[in-house]
Each structure stands twice: as C-alpha cells, then as structure tokens.
Amino acid sequence: MKKFFFLFLALGLIISGALPSFVGAHESSEGKKHAFSKQLKAISKKTYCYFEDFTNEETGLPYDAVRMKDGEISPQDFTSPTNIGMYYMSTVSAEEIGIISREEAVSRIQTSLETLEEAEKWHGLFYNWYYTKDGSLMTDWGEFISTVDNGWLSAGLIVAGQAYPELNDQTSKLVDAMDYSTLYDPEVGQMRGGYDVKTESLTAHHYGAFYTEPRVASYISIGKGDVPEEHWWKMYRTMPDSWDWQSQKPEGYTETYDGVDVFEGHYTYNEQKYVPSWGGSMFEALMPGLVLKEKELGKNALGLNNKRHVDIQIEYATEEMGYSAWGLSPAATPDNYSEFGATPLGMSGYSAEGAIVTPHATFLALDYAPKEVYKNLKTLKDFGAYGKYGFYDSVNVKTGEVTQAYLALDQGMSMVAIANYLEDGIIKDYFHQDEIGKNPEELLKKETFSIN
C-alpha cells in the first residue's frame, strides 16, 4: 500500500452508509491511514459495479454511459475505443485491489479481445463508435478514426497484456497492427485529430498543444516506432508568444532537445508558473499520468506541472470562484455533456461559471493532493452525489443539483487513479514494463519546463 504522508482531520468521514467511518482524533496516524484505504477500496468496489452491470456479456464491450431518472435506467449501449481501454485498466485495477479474482479479470478481457479481433478497423485503428450488442460499427455519428481514442485503447491493451501474460499475444497483435503513422503529419511534426473514412480525409486540425490528453497517443506512437521521436518536441508547450489569441502572453525561453528547438513557455496565476492545457480541465492535465510515469520520471517537467495544475484548480475553484468543492473537468450535465475547466489553466480556457464539478477530477488528484481529496470527497457526498455505482458524474455546487449519470470514461479514470494510489502505481508499472512504454522514457526525463 502507498505510504500516506498526511494526518487526516479529526472529524469522522462517512462516504456512504455502506462504508466505514473515519476514526476520531484519539486514533493513531496508522489507524487513520488504514481507514482511508478502506474508504477508497469501498468506493472502487461500487465504481467497478458499473462495469459489472453495464458490459455486454457476449461481446465484453462496456456501455458508454447510463442515466437515471425516477428510478428508471437509460443505458447508452454503444462504446468507444477509450471506453474499452478504460474497461481493461479498470478490470486490472479491480483485481489488484481485490474486488474480483484473477480468473474473472482474464475472462472478462478475453471476451472483449475476441470481439476486437473481429471488429471493423482502418489500418488496424478502431472506429470511434461500436454497438455493444455485437461489436458492429455504429455509423449514425459518422465513420471517424480518432487519434486520442485509439491511444487510450492502445494503453489499455498494453496494460492488460502485461498484467496477464496469457493475453499478451492477443493484445500485442492488436497494438502492433494499429498504424499511427497514417495519422501523423511529418511536415508539421504533429498528429492529426483523426481521419474520416467516409470522406477519405484527415482532419484539418492537429493535436498541437502538448499538455493535453492526446500526449498518450503521441507517446505510444513513438514507443511503437510509428512516428519519430522528434514528434514529442514538435508540440507546443505554450503557443508561440506572437500568437496573441491565447489567454495569456507566455513567458519563457527556447531550449534544444535532440536537435529540435522548443519554446519552453509558461503562464502565471497568482505567482505560480505552469504550462497550460487547452481548456484548463483536470482530465487533460492528469489523465495521461494514469499510465505515464510523469510524476516519477518528469520531475522537472510533466510531474511538476501536474502538481501545479492540481494546486491552481483547487485555489481557483474554492477561492476565486467561491465554490464549496473543486474538480473542473468535462462531465455529464442533467441534459447533456459539457466542458468545464479552471479557465486560467487553459490556452483557450473552458468556462467554470456553471459551478459544475465532477468527482473523477478529485480522484485524478490523489497522487498530488491526498489531504484535499479526502476533504472534497466528504463535501461531494454531502451533496448526495454518491450512489449505487459510486459517485455520480457531476454536481452543481451552487444549486445542489446532482446529475444522476455514470460515464464509462469517468468511472474508469476513478478506478485507475484509486488503484495507482493504493497499489503504488501498479497500472503505470504495467504500462512501462512493455517495450512501448519503456522505449520513450528518456523523453520524460530529459525535459525541464520553465516553471521551476
């Protein structure tokens, strides 16, 4: 178990009636640590129930989301590559935490792999939507190949293949066949957003911003040898200072890595320097750290920046916006799905005006602010945001309205974050055991952001 390094509040905390309460001030520090571990394990057990109840038994494909209203459940029985990748990592997490047996984990992933092997693909890459009932292509929303979504499926396959060697041949064949070179623009040195198979056209936009969730796809593409290492240095830490549309004029300097000049720019918020994401959301900043050893290997760059984003997220939400809870990230709303962020943290920041916070953002911060996570979970529970499958997807902290929905993506992020925290970075370890995860590690180590 991870060595918790903080003293918990003396007051007890009950995340739900089914969970053990925190002990009082008279208890030892070790007792408090143990109590919090039990809390997180109990939360993860409920969270994984989503995948147990909403994964098709025949295909092994998880539902994209479910919504609940007046006791009625409305399932969205289609899925994406990201959902599948997060399902694999959540299943490995559940086994590592002790929620399910190894045999069950292998069986679940095996069923899904057989579906993926037969699924329609483009250059080994997966389309963005499939029906869970039979794994057939869902064409209602077009026939799109998403760079970022395929990256998360690759990550899940890599983790599953390392966790369960008996699956490694299957997972490796699928990953090896995923040809990311088809989405790479060598003239710009960046990945395209994706490819529309129907119109036979690549997206006009590139994933140019470095500190966003597509960096996992970039890392994997380099690790596979599909794209050159220089791609890592061709993405923008901030946009060039001459691009005056961005939310701040960046400061910094130019550094040369592997023969490529990189503008190491940063923004500043209340005297704290940081490299921005696109929208200022928590999952852009911290989702890649679920598999990449950014905290461990990128001490002067990504790891340090992750900590800054957590600190500023909390400060911005609670002090500047005056919210009683923090965690600004894209999430389900009562009627839809919207993007939220700590606006100053983004190059083109998402709004935080709606007062919508999402629990997955809290769990993503576990490695960087455990004491604050502890407090925030209690606050979210007090809003009534805890249900049958763990925390609901969002809550309006001004009106108290809870969005009674669960998303596979957000359930998965929460599961993996808890497993990494309780089990000493186990999911990151599995990812980096694979040559694809190991090969580009020097890229994480050698860079120094201008935020020290």
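All figures in this text were calculated on a predicted structure; none of them were measured in a lab. (Residues numbered from 1 in each chain as written. Predicted model: local features only at pLDDT ≥ 70, side-chain atom pairs only at ≥ 80, totals over all residues. Heavy atoms only, no water.)

1. Structural notes on the overall build of the chain
At step 1: Looking only at helices and strands, the chain features 16 helices and 22 strands.
At step 2: The C-alpha radius of gyration of the chain comes to 21 Å, within 12% of the 22 Å expected for a compact globule of 452 residues.
At step 3: For the chain, the C-alpha atoms occupy an extent of roughly 60 × 55 × 40 Å along the three principal directions.
At step 4: Counting every position in the chain, which comprises 452 residues, the buried fraction comes to 62%.
At step 5: Nonlocal contacts in the chain, meaning residues at least 24 apart in sequence, comprise 70% of its contacts between residues at least 6 apart.
At step 6: As presented, the chain carries roughly 17,100 Å² of accessible surface, and 46% of it is formed by carbon and sulfur atoms.
At step 7: Considering the chain, the positive charge centre built from 38 side chains and the negative charge centre built from 66 side chains are found 8 Å apart. (Helix = DSSP H or I, 4+ residues; strand = E, 2+ residues; numbered from the N terminus. Rg over C-alpha atoms; globule rule 2.2 N^0.38 Å. Buried < 20%, exposed > 50% of the residue type's maximum accessible area, 1.4 Å probe, protein only. Contact = heavy atoms within 4.5 Å. Areas by Shrake-Rupley, 256 points an atom, 1.4 Å probe, with all protein chains shown as cover. Lys, Arg positive; Asp, Glu negative; His and termini not counted. Charge placed at Lys NZ, Arg CZ, Asp CG, Glu CD.)

2. Some points on the side chain of asparagine 305
At step 1: Counting through the fold element by element, asparagine 305 comes out in helix 10 (residues 302–320).
At step 2: On the basis of relative accessibility, which here comes to 0%, the residue asparagine 305 falls in the buried class.
At step 3: Those residues in contact with asparagine 305 that sit more than four places away from it in its chain are Tyr211, Tyr274, Val275, Phe449 and Ile451.

3. With respect to the UniProt feature "domain: Glycoamylase-like" (unreviewed entry) in the chain
At step 1: As recorded in UniProt, the feature "domain: Glycoamylase-like" (unreviewed entry) lies at residues 250–433.
At step 2: The distance from the first to the last C-alpha atom of residues 250–433 is 37 Å, and the span holds 38% helix and 21% strand. (UniProt positions renumbered as here; feature names shortened; annotations may be inferred.)

4. Description of the packing of helix 4 (residues 147–163) against helix 14 (residues 426–433)
At step 1: Relative to each other, helix 4 and helix 14 sit at 90°, their axes nearing to 8 Å. In terms of orientation, helix 4 and helix 14 fall into the roughly perpendicular class. On the side of helix 4, the interface is formed by Ala155, Ile158, Val159, Gln162 and Ala163, while helix 14 contributes Ile427, Tyr430, Phe431 and Gln433.
At step 2: Of the residues assigned to the contact of helix 4 with helix 14, the class counts are seven nonpolar, two polar and no charged. (Axes fitted to C-alpha atoms, helices over the stretch in contact; angles between N-to-C directions. Parallel < 35°, antiparallel > 145°, perpendicular 65-115°, else oblique. Nonpolar A, V, L, I, M, F, W, Y, C, P; charged D, E, K, R; others polar.)

5. A word on the sheet that holds strand 1 (residues 65–69)
At step 1: Strand order in the open sheet formed by three strands is 2-1-22, with antiparallel pairing between adjacent strands. The sheet is open, and its two edges are formed by strand 2 (72–76) and strand 22 (405–407), each paired on a single side. Taken over all neighbouring pairs, the strand axes of this sheet differ in orientation by 10° on average, direction set aside. (Pairing = 2+ DSSP bridges.)

6. A few points about the layout of surface pockets
At step 1: The calculated volume of the largest pocket comes to roughly 990 Å³.
At step 2: Taken together, 36 residues make up the lining of the largest pocket; nearest its centre are Val148, Asp149, Glu213, Phe283 and Tyr337.
At step 3: Only strand 1, helix 2 (81–97), helix 4, helix 8 (282–286) and helix 13 (408–422) provide two or more residues apiece to the lining of the largest pocket.
At step 4: The leading source of residues in the lining of the largest pocket is helix 4, at three residues.
At step 5: Residue composition of the lining of the largest pocket, by class: 18 nonpolar, 12 polar and six charged. (1 Å grid on protein atoms, 1.4 Å probe; cavity = no way out; pocket = protein on both sides within 12 Å on 5 of 7 lines; lining within 4 Å. Points joined across faces, edges and corners; volume = space filled by probe spheres on them.)

7. Considering the nonpolar core
Buried together is how nonpolar side chains tend to be arranged in soluble globular proteins.
At step 1: In terms of nonpolar packing, the biggest core is built from 140 residues, with Tyr88, Trp232 and Val291 touching the most fellow members.
At step 2: The element best represented in this core is helix 13, accounting for 10 residues.
At step 3: In contact with tyrosine 88, not counting residues within four places along its chain, are Ile109, Ser112, Leu113, Leu116, Leu153, Gly156, Leu157 and Ala160. (Core = buried A, V, L, I, M, F, W, Y, C linked by side-chain atoms within 4.5 Å.)

8. So, the packing of aromatic side chains
At step 1: For the coordinates displayed, the defined rule picks out 26 aromatic pairs.
At step 2: Arranged with centres 4.2 Å apart and planes meeting at 15°, the rings of tryptophan 122 and tyrosine 195 form a pair that is stacked. With tryptophan 122 in strand 4 (residues 121–122) and tyrosine 195 in strand 10 (residues 194–196), the pair connects residues that are 73 residues apart, well separated along the chain. The pair tryptophan 122 / tyrosine 195 is uniform in exposure class, with both members buried.
At step 3: Centroid distance tyrosine 269 to tyrosine 316: 6.3 Å. Interplanar angle 70°. Geometry classified as edge-to-face. (Phe/Tyr/Trp six-rings, centres within 6.5 Å; stacked < 30°, edge-to-face > 60°.)

9. Side note on unusual backbone geometry
At step 1: Residue asparagine 270 is not a glycine yet carries a positive backbone phi of 45°.
At step 2: When you line up the elements, asparagine 270 lands in the loop between strand 13 (260–269) and strand 14 (272–274).
At step 3: A positive phi angle, near 60°, is found at alanine 355, a position not held by glycine.
At step 4: Among the structural elements, alanine 355 can be located in the loop between strand 16 (337–338) and strand 17 (356–357).
At step 5: Judged by relative accessible area, alanine 355 falls into the buried class, the value being 1%.

10. Considerations on the pattern of salt bridges
At step 1: If you walk through the whole model with that rule in mind, you get 14 salt bridges.
At step 2: Close ionic contact of glutamate 166 with arginine 102 constitutes a salt bridge, the shortest N to O distance being 2.8 Å. Of the two residues, glutamate 166 sits in the loop between helix 4 and helix 5 (168–177) while arginine 102 sits in helix 3 (residues 102–118), which places them 64 residues apart along the sequence.
At step 3: Among the residues examined, arginine 102 registers a relative accessible area of 34% and is labelled partly exposed.
At step 4: Through salt bridges with shared partners, a single network forms among Glu296, Asp367 and Lys428. (Salt bridge = Lys/Arg side-chain N within 4 Å of Asp/Glu carboxyl O.)

11. What about the pairing of strand 12 (residues 251–257)?
At step 1: Bridge count between strand 12 and strand 13: seven bridges; the pairing is antiparallel. By the bridge assignment for strand 13, threonine 256 is matched with aspartate 261.
At step 2: Hairpin connection between strand 12 and strand 13: a loop of two residues separates the two successive antiparallel strands, and aspartate 258 in this loop has a positive phi of roughly 50°.

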